[in-house]
Amino acid sequence: MALAHPSRQPEPGRAELSINPLYTRVPMHIPKNELPARGLDPDLAYQLVHDELMLDGNARLNLATFVTTWMEPTADKLMAECFDKNMIDKDEYPRTAELEARCVRMLAGLWNAPSVAEAPGCSTTGSSEACMLAGLALKRRWQHKGGTGKPNMVMGINVQICWEKFANYWDVEARLVPMEGDRFHLSPEEAVALCDENTIGVVAILGSTFDGSYEPVEQICAALDELQQRTGLDIPVHVDGASGAMIAPFCDPGLRWDFRLARVASINTSGHKYGLVYPGVGWVVWRDAAALPEDLVFRVNYLGGDMPTFALNFSRPGSQVVTQYYNFLRLGFDGYRRVQQSCRDVATTLSGQIAELGPFQLLTKGAQLPVFAFTVAGDQPFSVFDVSTALRTQGWLVPAYTFPANRTDLAVLRIVVRNGFSLDLAEALVADLKRLLPTLRGQQRPGAASFAHGA
Ligand SMILES: *Cc1c(COP(=O)(O)O)cnc(C)c1O
């Protein structure tokens, strides 16, 4: 099984690349799916790979992804200078290691750790790895406290897939709270109801990938405080701030979701989402040394001293960590605040304009994460899937998907506003949507796609 893409068969058609006659003086036969017997000159190899990628989408029109698709030229330059740096090689690259440590301290401060100098943390390849590490720390803490049953973790069914992976890979039961009515994420009551002596932790998401809403972290913590008073169970909370931990500190400084809440043991974020760095960098920070069991930490010998590491990977690129530090210096608190606030302004303006078109109903407005979900309201002859297909004809990537239990009856479109998606682009999107509506309205019924693939 080809794990890189288990469902991918070789493309139908010829098994060789077609070569533009301008590229070579003699005809060449270059296989697509086998390692070629002999190599090519770099210019030709470059041109062939470059041409292959021409059909990938235009990232600026991709309103599906949370991940950074543009950095400024000075960041590109720094990144190129650091492509060779291996994050694990602290001996060879002590300054890269120092910049990583500074980023951790900046994040610990931003998230109000009680003692910034004593909050352990590290970079990762993304939030997924960060969540694995945070989950492992929770599991080990529970074991140290004498837990012996089958461990479980409580979370909303709207969690990102990395938490289902965590549960599967590390033998933890995922206790998923379903959606109900207009509740599309975890509530304090439902979270507490599923906790018992084998609960290693509760995951609260800031914010949900389904609709961009923040889960009520403070209220979840308060309900767990009350549970502890009642039963003695002391259950820590991990905040999955993949997106929101780089939004809320700047745009919602009064919101209490971070280490100001004593029950919050750890927080992760994706440096490559609203941290504004190219993929793959993530971060995880623990409240204090007690939140990260010492026996999970490996000591690598580092210039005669010793350097603690906690990671799933060994070798890993250092350039994203360096450009994360660059962004922190370059933008500062105020720069991040302006970038994130302008994303939020675009999101709320765009959601308002979409609501005014008539046939759509907003689930969220983009006033928390700059992300909103909307559905087709009432009895229309088209579905969200038809809208997604229609927008694709204009180059826009706006995903449509069905919600999980118990709202599988609900299907939505979701728009993620990232830095670089300007008000001008938002206006162009609304104009396209307006222009497509008469055709959509002219359909016989939902799914009778006027814009179906290939139609
Ligand atoms: C994106 C996301 C993740 C996974 O993050 P990666 O950085 O893509 O690994 C986890 N949780 C939430 C809430 C997310 O939005």
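Parameters and conventions
- Residues numbered from 1 in each chain as written.
- Predicted model: local features only at pLDDT ≥ 70, side-chain atom pairs only at ≥ 80, totals over all residues.
- Heavy atoms only, no water.
- UniProt positions renumbered as here; feature names shortened; annotations may be inferred.
- Helix = DSSP H or I, 4+ residues; strand = E, 2+ residues; numbered from the N terminus.
- Rg over C-alpha atoms; globule rule 2.2 N^0.38 Å.
- Buried < 20%, exposed > 50% of the residue type's maximum accessible area, 1.4 Å probe, protein only.
- Contact = heavy atoms within 4.5 Å.
- Lys, Arg positive; Asp, Glu negative; His and termini not counted.
- Charge placed at Lys NZ, Arg CZ, Asp CG, Glu CD.
- Axes fitted to C-alpha atoms, helices over the stretch in contact; angles between N-to-C directions.
- Parallel < 35°, antiparallel > 145°, perpendicular 65-115°, else oblique.
- Left-handed = near helix turned anticlockwise from the far one by under 90°.
- Nonpolar A, V, L, I, M, F, W, Y, C, P; charged D, E, K, R; others polar.
- Pairing = 2+ DSSP bridges.
- Core = buried A, V, L, I, M, F, W, Y, C linked by side-chain atoms within 4.5 Å.

The name given to the protein in an unreviewed UniProt entry is Glutamate decarboxylase, with Kibdelosporangium banguiense as the source organism. As stated in UniProt under Sequence similarities (unreviewed entry), the record for the protein gives "Belongs to the group II decarboxylase family." Recorded in UniProt under Cofactor (unreviewed entry), the annotation for the protein is "pyridoxal 5'-phosphate".

Asker: Which residues make up the overall build of the protein, and what are the values?
Answerer: Looking only at helices and strands, the protein has 11 helices and 13 strands in total. The C-alpha atoms of the protein give 24 Å as radius of gyration, which agrees with the globular expectation for 455 residues (23 Å, within 12%). Expressed as a percentage of the 455 residues in the protein, the buried residues total 51%. Sequence separation of at least 24 residues holds for 69% of the intrachain contacts in the protein that already meet a minimum separation of 6. Once the 41 positive and 50 negative side-chain charges of the protein are each reduced to a mean point, those two points are 2 Å apart.

Asker: Summarise the packing of helix α10 (residues 384–392) against helix α11 (residues 423–441); cite the residues concerned and give the values.
Answerer: Two numbers describe how α10 lies on α11: the axes approach to 10 Å, and their chain directions differ by 120 degrees. Judged by the inter-axis angle, α10 sits oblique to α11. Judged by the twist between their axes, the crossing of α10 over α11 is right-handed. Residues Asp-386, Val-387, Ala-390 and Leu-391 of α10 pack against Leu-429, Leu-433, Leu-436 and Leu-440 of α11. Among the residues forming the contact of α10 with α11, the class breakdown is 7 nonpolar, no polar and 1 charged.

Asker: Any details on the sheet that holds strand β12 (residues 400–402)? Residues and values, ideally.
Answerer: Taking strand neighbours across the sheet as the criterion, the 4 strands line up as β10-β11-β13-β12 in an open arrangement whose pairing is antiparallel. Only two strands of the sheet have a single partner each, and these edge strands are β10 (360–362) and β12. Direction aside, the axes of adjacent strands within the sheet are offset by 40 degrees on average. Examined bridge by bridge, strand β11 (residues 371–376) and strand β13 (residues 411–416) share 4 bridges and lie antiparallel to one another. Residue Phe-374 lies in a different strand from β13, and its bridge partner there is Leu-413. Against the sheet, helix α9 (residues 319–356) touches β10, β11 and β13, its axis set at about 10 degrees to β11.

Asker: Kindly report on the nonpolar core, identifying the contributing residues and their values.
Answerer: Among the nonpolar cores identified, the biggest contains 58 residues, and Trp-111, Val-202, Val-217, Leu-224, Trp-257 and Val-264 are the most heavily contacted of them. Those residues in contact with Val-264 that sit more than four places away from it in its chain are Val-217, Cys-221, Val-237, Val-239, Trp-257, Asp-258, Phe-259 and Arg-287. Ranked by size, the runner-up nonpolar core spans 32 residues in total, among them Val-376, Ala-390, Val-417 and Ala-426.

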